[in-house]
Amino acid sequence: QVQLVESGGGLVQAGGSLNLSCATSGAGFSINDMGWDRQAPGKQRELAATITSGGSTNYADSVKGRFTIFRDNAKNTVYLQMNSLKPEDTAVYYCNARLSFPRGRYKYWGQGTQVTVSS
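Just so we're clear, the structure is a prediction, and the values are computed from it rather than from any experiment. (Residues numbered from 1 in each chain as written. Predicted model: local features only at pLDDT ≥ 70, side-chain atom pairs only at ≥ 80, totals over all residues. Heavy atoms only, no water.)

A. Inspection of unusual backbone geometry at higher detail. Located in the positive-phi region is N76, a residue other than glycine, with phi close to 55°. Its location among the elements puts N76 in the loop between strand 7 (67-72) and strand 8 (77-82). The partly exposed category is assigned to N76, whose relative accessible area is 27%. Not every positive phi belongs to a glycine, and S84 is a case in point at roughly 50°. Inspection of the secondary structure puts S84 in the loop between strand 8 and strand 9 (91-101). When its relative accessible area of 41% is taken as the criterion, S84 is described as partly exposed. (Helix = DSSP H or I, 4+ residues; strand = E, 2+ residues; numbered from the N terminus. Buried < 20%, exposed > 50% of the residue type's maximum accessible area, 1.4 Å probe, protein only.)

B. Representation of the side chain of T77. Counting through the fold element by element, T77 comes out in strand 8. A polar side-chain atom of T77 sits 2.9 Å from the main-chain carbonyl oxygen of K75. Among residues more than four places away in sequence, those in contact with T77 are S21, C22, A23, M34, F70, R71 and D72. (Polar contact = N/O pair within 3.5 Å; in protein donor to acceptor, adjacent residues only side chain to side chain. Contact = heavy atoms within 4.5 Å.)

C. Representation of the pattern of salt bridges in the model. If you walk through the whole model with that rule in mind, you get four salt bridges. Taking the shortest distance from any N to any O, the salt bridge between R38 and D89 comes out at 2.9 Å. Note that R38 is positioned in strand 4 (residues 30-39) and D89 in the loop between strand 8 and strand 9, a separation of 51 residues in sequence. Under the relative-accessibility criterion, D89 is labelled buried at 1%. Note that D61 and K64 form a salt bridge whose closest N and O atoms lie 3.2 Å from each other. Assessed through its relative accessible area of 66%, D61 is described here as exposed. Taken together, the salt bridges that share partners define one network made up of R38, E46, R66 and D89. (Salt bridge = Lys/Arg side-chain N within 4 Å of Asp/Glu carboxyl O.)

In structure tokens form, the structure reads like this:
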């Protein structure tokens, strides 16, 4: 059974930093792209950052220069380092991973972790 388990959310003051991590567990697959989405109260879920299996990254304009996504393929884990946090970064952050099985490719999400930035 595939599971994505996030950790590292919490409450921080504006200008502070938080580091999120997400470990993928299970068997019978290889991991392709990984990433983080976020959903602020009353808003649609949006992409925050993605990283390919080769290490190429993509960021939402709103987080460029402040967030860094990286992964440890040996640990099947993706990280999101968030610096210079702003109140508008407050959201539930969901990690995701696209997995390849013999039967096909499927995208999975974690349960979400709350990030709250106070002004």
